[in-house]
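Chain by chain, the residues:
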Amino acid sequence: MFAPYPEWRRWCGAWLCVTLLPLARVAAPVSDDTAAAWQLMADHLVRDAHVRLDQAKGPPSRESDFAQAVVAVDYQPVTQARLREAEATFAALAAGQDEIAEAAAYMQARLYQVHFQSPDYVRAAALYRALAERHPESHWAQLGLVKLGLLLLYALPEPSAPAERIGAATALLARIHEEKLQRDLHLQIARAGTFYDQPLDSVLAHLIEVNRIGGLVGQAPEDLAVELGELSLRAGHYAQARTYFEAYLRDFVPNLRSVTVRRRLEDLAALEAKAKGLRP
């Protein structure tokens with residue numbers, strides 16, 4: 001259990017692109033050295049964080065061990081030996097019953113997914129599944145299910161058929177209760193549907209959920225609005241396409257893309273008129 005919004009969670013949230021952090025819990029404060037190290041990592045000063053932890057005074061703790069392992073993952077130059085040491089630390093910490101155990105289990109899986117020179121996607125998937133079974137309501141387990149979805153969509157040997165891959169990833173949505181994480185998996189599934197040339201209506205269903213939940217940052221909301229309009233138009237859902245194109249012109253600052261959207265609305269009007277003329 002940790003102090004409200006502890007430094008390690010703030011850093012992990014930024015580093016792992018976590019857009020919705022779980023509510024913090026009440027606990028004893030961490031050491032000054034460890035808290036300072038998390039802040040340094042939040043500021044992308046990984047080498048300074050390593051020095052601070054290396055020179056820390058006082059007995060080691062679960063949090064300081066976790067911080068040391070996290071720093072090792074990002075400390076340049078990264079070596080496979082150092083990553084193996086970090087993996088052993090994460091595995092040991094994951095055997096606990098606190099939130100560090102949950103985060104450590106997640107980090108252990110991530111090592112196998114993206115950090116080792118030779119990824120082991122099957123091992124990563126097994127670790128994500130084990131975390132979700134052991135701590136189903138944990139933020140880290142739910143985040144792990146999103147990463148598991150990505151593995152199912154592209155990397156794991158089974159299922160192999162595109163529709164089955166998408167079905168397996170879609171089944172994970174029922175186990176994810178944080179809406180922003182549901183959104184992230186919906187977006188992954190929609191991208192995979194486009195990649196695998198799946199029916200437009202199935203892709204649209206996931207993108208509509210992404211739009212409903214919202215919270216995308218940067219250019220993404222604009223891209224999503226145009227994509228929803230364009231795919232709706234291609235699928236023959238003219239009223240839906242008009243809704244999204246008009247929302248784009250209403251909600252976003254005018255730019256060069258606005259010209260294209262206006263032209264698509266003209267195309268849409270012509271298609272609607274043609275469809276109306278064909279009706280008996």
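Residues numbered from 1 in each chain as written. Predicted model: local features only at pLDDT ≥ 70, side-chain atom pairs only at ≥ 80, totals over all residues. Heavy atoms only, no water.

Peer 1: Describe the overall build of the protein, listing the residues and the values that go with them.
Peer 2: Helix and strand counts for the protein stand at 14 helices and 0 strands. Starting at the N terminus, the α and β elements of the protein follow one another as α-α-α-α-α-α-α-α-α-α-α-α-α-α. Burial status across the protein gives 44% buried among its 280 residues. Here the analysis covers contacts within the protein between residues at least 6 apart in sequence; of these, 58% occur between residues at least 24 apart. (Helix = DSSP H or I, 4+ residues; strand = E, 2+ residues; numbered from the N terminus. Buried < 20%, exposed > 50% of the residue type's maximum accessible area, 1.4 Å probe, protein only. Contact = heavy atoms within 4.5 Å.)

Peer 1: Residues and numbers for helix H3 (residues 46–54), please.
Peer 2: Those residues of H3 that sit buried are Val46, Ala49 and Leu53. Seen from one end, H3 has its buried residues packed into an arc of 55 degrees, which puts them on one side. At its buried positions, H3 is contacted by helix H2 (32–42) and helix H4 (62–74). (Arc of directions from axis to C-beta.)

Peer 1: Talk me through the nonpolar core; I want residue IDs and the actual numbers.
Peer 2: Counting 56 residues, the largest nonpolar core has Phe66 and Phe90 as the members making the most contacts within it. Discounting residues that sit within four places of it in the chain, Phe90 has contacts with Phe66, Ala69, Val70, Val73, Ala104, Met107, Gln108 and Leu111. (Core = buried A, V, L, I, M, F, W, Y, C linked by side-chain atoms within 4.5 Å.)

Peer 1: Quick rundown of the packing of helix H6 (residues 99–115) against helix H7 (residues 121–134)? Include the residues and the values.
Peer 2: Contact geometry of H6 with H7 gives a least axis separation of 7 Å together with a crossing angle of 165 degrees. Between H6 and H7, the interaxial angle falls into the category roughly antiparallel. In this structure, the crossing between H6 and H7 has a hand that is left-handed. Contact residues: H6 offers Glu102, Ala105, Tyr106, Gln108, Ala109, Arg110, Tyr112 and Gln113, while H7 offers Tyr121, Arg123, Ala124, Leu127, Tyr128 and Leu131. By residue class, the composition of the contact of H6 with H7 is 9 nonpolar, 2 polar and 3 charged. (Axes fitted to C-alpha atoms, helices over the stretch in contact; angles between N-to-C directions. Parallel < 35°, antiparallel > 145°, perpendicular 65-115°, else oblique. Left-handed = near helix turned anticlockwise from the far one by under 90°. Nonpolar A, V, L, I, M, F, W, Y, C, P; charged D, E, K, R; others polar.)

Peer 1: So what's going on with the environment of Asp223? Residues and values would help.
Peer 2: In this structure, Asp223 sits in helix H12 (residues 220–234). Along the primary structure Asp223 and Arg257 are separated by 34 residues, whereas in three dimensions their C-alpha atoms are 9.9 Å apart.

Peer 1: With reference to specific residues and values, describe the pattern of salt bridges.
Peer 2: As enumerated under the stated definition, the model contains 13 salt bridges in all. For Arg175, the salt bridge goes to Glu133, with nearest N and O atoms at 3.6 Å. A residue pair is termed long-range when its members are at least 10 positions apart, and Arg175 in the loop between helix H9 (162–171) and helix H10 (179–195) and Glu133 in helix H7 qualify at 42 residues. Look at Glu133 and you get exposed, because its relative accessible area is 60%. (Salt bridge = Lys/Arg side-chain N within 4 Å of Asp/Glu carboxyl O.)

Peer 1: Before we move on, could you go through H10 and cite the residues and values that matter?
Peer 2: What sets the pattern is the α-helix's 3.6 residues per turn: residues three or four places apart point alike. Spanning 17 residues, H10 covers 24 Å between terminal C-alpha atoms, matching the ideal 24 Å at 1.5 Å per step. Taken together, the buried positions of H10 are occupied by Leu181, Gln182, Arg183, Leu185, His186, Gln188, Ile189, Ala190, Ala192 and Gly193. Next to the buried residues of H10 lie helix H8 (139–155), H9 and helix H11 (200–213). Once H10 ends, the next one or two residues include Asp197, with phi positive near 55 degrees. (Expected span 1.5 Å × (residues − 1).)

Peer 1: Tell me about the side chain of Ser64, residues and numbers included.
Peer 2: Mapping Ser64 onto the fold places it in helix H4. In this structure the side chain of Ser64 is engaged in a polar contact, spanning 2.7 Å, whose partner is the backbone nitrogen of Ser61. (Polar contact = N/O pair within 3.5 Å; in protein donor to acceptor, adjacent residues only side chain to side chain.)

Peer 1: Mind laying out the packing of H3 against H4, listing which residues take part and the relevant values?
Peer 2: Viewed as axis vectors pointing N to C, H3 and H4 meet at an angle of 145 degrees, and their least axial separation amounts to 10 Å. Considering the relative orientation of H3 and H4, their crossing is left-handed. Each of Val46, Ala49, His50, Leu53 and Asp54 in H3 lies in contact with H4, whose residues at this interface are Ala67, Gln68, Val71 and Asp74. Its residues assigned to classes, the contact of H3 with H4 comprises 5 nonpolar, 2 polar and 2 charged.

Peer 1: Could you give an account of the packing of aromatic side chains, naming the residues involved and the relevant values?
Peer 2: Summed over all chains, the structure comprises 9 aromatic pairs. Centroid distance Tyr112 to Phe116: 5.1 Å. Interplanar angle 70 degrees. Geometry classified as edge-to-face. Each member of the pair, Tyr112 as well as Phe116, carries the same accessibility label: buried. Arranged with centres 6.0 Å apart and planes meeting at 25 degrees, the rings of Tyr154 and Tyr196 form a pair that is stacked. Of this pair, Tyr154 sits in helix H8 while Tyr196 sits in the loop between H10 and H11, and the two are 42 residues apart along the sequence. Judged by relative accessible area, which is 18%, Tyr196 ranks as buried. By way of ring pairs, the aromatic residues Trp38, Phe66 and Phe90 are connected into one cluster. Its end group placed over the ring of Phe116, Arg84 keeps NZ or CZ at 4.0 Å from the ring centre. (Phe/Tyr/Trp six-rings, centres within 6.5 Å; stacked < 30°, edge-to-face > 60°. Lys NZ or Arg CZ within 6 Å of the ring centre and 35° of its normal.)

Peer 1: Quick one: what's the story with the side chain of Gln182, residue by residue and with numbers?
Peer 2: Among the secondary structure elements, Gln182 is positioned in helix H10. Judged by relative accessible area, Gln182 falls into the buried class, the value being 18%.

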